[in-house]
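# Summary of structural features
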Amino acid sequence: MRYLIGVDIGGTNIKLALVDKKARLRGRKTFSTTSFEGKSDLIDGIVSQIKALVSGAGLSKNNIIGVGIGAPGAVDIRTGTVHYLTNIPDWREVPLGNILKKRLGLPVFVDNDVNVMALGEVYFGAGIGAVNMLCITLGTGVGGGLILDGKLYRGSSYAAGEFGHVPINISGPKCKCGSWACVEAYAGNNYIVKDVIADIRKGAKTLITKLVKGDLSKITPEIISEADRKGDRFAKKVWTDVGNKVGIGLAGVVNLLNVEKIVIGGGVAEAGKILFDSIKKTINARAMKLPAKTVRIVKAKLGYDAGLIGAATLVLYELGKENVTKN
Ligand SMILES: [Zn+2]
């Protein structure tokens, strides 16, 4: 039996897993990104953790088809160059893919974390069978990965799919990308919470205040959802408004690309039906009739392990199915 290795590099944690060709996890490790002094220390860590994962499962290098890595930001997939990593001070333009390929003697593929999630969902999750699809994540950041004509669409400099930075207004809140009024500047975790706090300070009456016992710094999307479930009208309006903003951005995507499916994951997607209903309603109101009727809006299926499964799926995608089934 041969396996894949998935590596999910996040801002705070790096997760690794041994994954079989049906996307079942056979072993995993998680370590903190901040436990490393710099880039070479981190690369050594990834190499030794991969080796430990393989030997720990009683396997050898010959049992491994390849290593797939999801990393934040744009990734130059030709060399596997990850341009920037938060929390690793000397990480600039590191050809992680090429380095690991040499060190491990295995095929290594690196891509953007939401691109690999899109692959994971289309191979094993909510996107099975989709030929044209957008996968978005709603969390601290708002990301996107595009599958067009059955292929991952990466764009001219591997920076495509940045749904979070689609501007949806002439003026609006500043975004961390340097622009303003981007989808993320309305629908990113921190922005949602900041707006809620501002409204409460302006006198909005909501159960949220009670749930955090008056400590507004404790407000999270989960707390807003809890208030919503308890029937709080303010909380309902928060999710309806967020859904409306995301829906406006998606209406543009629907008109531009005529995708058949939009898969939505990430922590904010846990707000559930109220958010999804609002997104659907806005798309129906704002996109053109035919593409709006075609598109289905669904929740991501791979959940907590989406990044790991997606990273492993990148190996299957890059090596091609025929090649893989021979093993
Ligand atoms: Zn932006």
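Residues numbered from 1 in each chain as written. Predicted model: local features only at pLDDT ≥ 70, side-chain atom pairs only at ≥ 80, totals over all residues.

### Quick notes on the nonpolar core
Here is the rule we go by: We call a set of buried Ala, Val, Leu, Ile, Met, Phe, Trp, Tyr and Cys residues a nonpolar core when their C-beta atoms link them within 7 Å. Whether a residue is buried, exposed or partly exposed follows from its count of other C-beta atoms within 10 Å of its own C-beta, namely 20 or more, 12 or fewer, or something in between, respectively; the C-beta atoms are built from the backbone. A run of H or I in DSSP becomes a helix once it reaches four residues, and a run of E becomes a strand once it reaches two; helices and strands are each numbered from the N terminus. What fixes the domain bounds is an automatic or database domain assignment. With C-beta atoms placed from the backbone, a contact is any residue pair whose C-beta atoms sit within 7 Å.
Counting residues in hydrophobic clusters, the biggest one holds 100 residues, and the most contacted among them are Ile5 and Ala187. By residue number, the principal contributor to this core is helix α8 (residues 233–257), which donates ten residues. Residue assignment places this core across two domains, with domain 1 (3–118 + 304–325) and domain 2 (129–300) each supplying three or more. Not counting residues up to four positions away in its chain, the partners in contact with isoleucine 5 are Leu16, Leu18, Ile50, Leu53, Ile64, Val67 and Ala312.

### A word on the domain arrangement of the protein
Domain annotation of the protein identifies domain 1 (3–118 + 304–325) and domain 2 (129–300). Facing ten residues of domain 1, the contacting portion of domain 2 comprises 14 residues. Looking at the side of domain 1 that touches domain 2, the elements with two or more residues in it are β5 (75–76), α3 (113–124) and α11 (306–319).

### Description of the packing of α8 against helix α9 (residues 273–286)
To keep things clear, this is the line we draw: Only the stretch in contact is used when fitting a helix axis, every axis being a line fitted to C-alpha atoms; angles between N-to-C directions are given from 0 to 180 degrees. The labels follow the angle: roughly parallel below 35 degrees, roughly antiparallel above 145, roughly perpendicular from 65 to 115, and oblique for the rest. Should the near helix be turned counterclockwise from the far one by less than a right angle, the crossing is left-handed, whereas a clockwise turn marks it as right-handed. Lys, Arg, Asp and Glu make up the charged group, whereas Ala, Val, Leu, Ile, Met, Phe, Trp, Tyr, Cys and Pro make up the nonpolar group; the residues left over, Gly among them, are polar.
α9 packs onto α8 with a crossing angle of 40° between their chain directions and a minimal axis gap of 7 Å. Classed by the angle they form, the pair α8 and α9 counts as oblique. The chirality of how α8 crosses α9 is right-handed. When α8 is examined against α9, the residues Lys236, Trp239, Thr240, Val242, Gly243, Asn244, Val246, Gly247, Ile248, Leu250, Ala251 and Val254 are found in contact with a partner set consisting of Ile274, Leu275, Ser278, Ile279, Thr282, Ile283 and Arg286. Among the residues making up the contact of α8 with α9, the classes are represented as eleven nonpolar, six polar and two charged.

### Details of helix α1 (residues 39–56)
To keep it simple, the criterion reads: In this scheme, a helix's expected span is set at 1.5 Å multiplied by one less than its residue total.
With 18 residues, α1 extends 25 Å from end C-alpha to end C-alpha; this agrees with the ideal 26 Å at 1.5 Å per step. Packed against the buried residues of α1 are β1 (3–9), β2 (13–19), β3 (25–32), β4 (64–71) and α2 (96–104). Looking one or two places after α1, you find glycine 58, whose phi comes out positive at around 70°.

### Quick notes on the pairing of β4
In plain terms, the rule: Paired strands, in this sense, are two strands between which DSSP finds at least two bridges.
Counting buried residues along β4, eight of its eight residues qualify, which places the element largely inside the surrounding structure. The sheet contact formed by β1 and β4 spans six bridges and is parallel. Following the sheet pairing, isoleucine 5 is matched in β4 by valine 67. Taken together, the five bridges between β4 and strand β8 (residues 108–112) define a ladder with parallel strand orientation. Across the sheet, residue glycine 68 finds its bridge partner in β8, namely phenylalanine 109.

### Considerations on unusual backbone geometry
If you check the backbone angles, tyrosine 158 has positive phi at about 60° while not being a glycine. By the secondary structure assignment, tyrosine 158 is in the loop between β11 (151–153) and α4 (184–187). Located in the positive-phi region is asparagine 258, a residue other than glycine, with phi close to 50°. Along the chain, asparagine 258 turns up in the loop between α8 and β12 (261–265). Given 16 C-beta atoms within a 10 Å radius, asparagine 258 is considered partly exposed.

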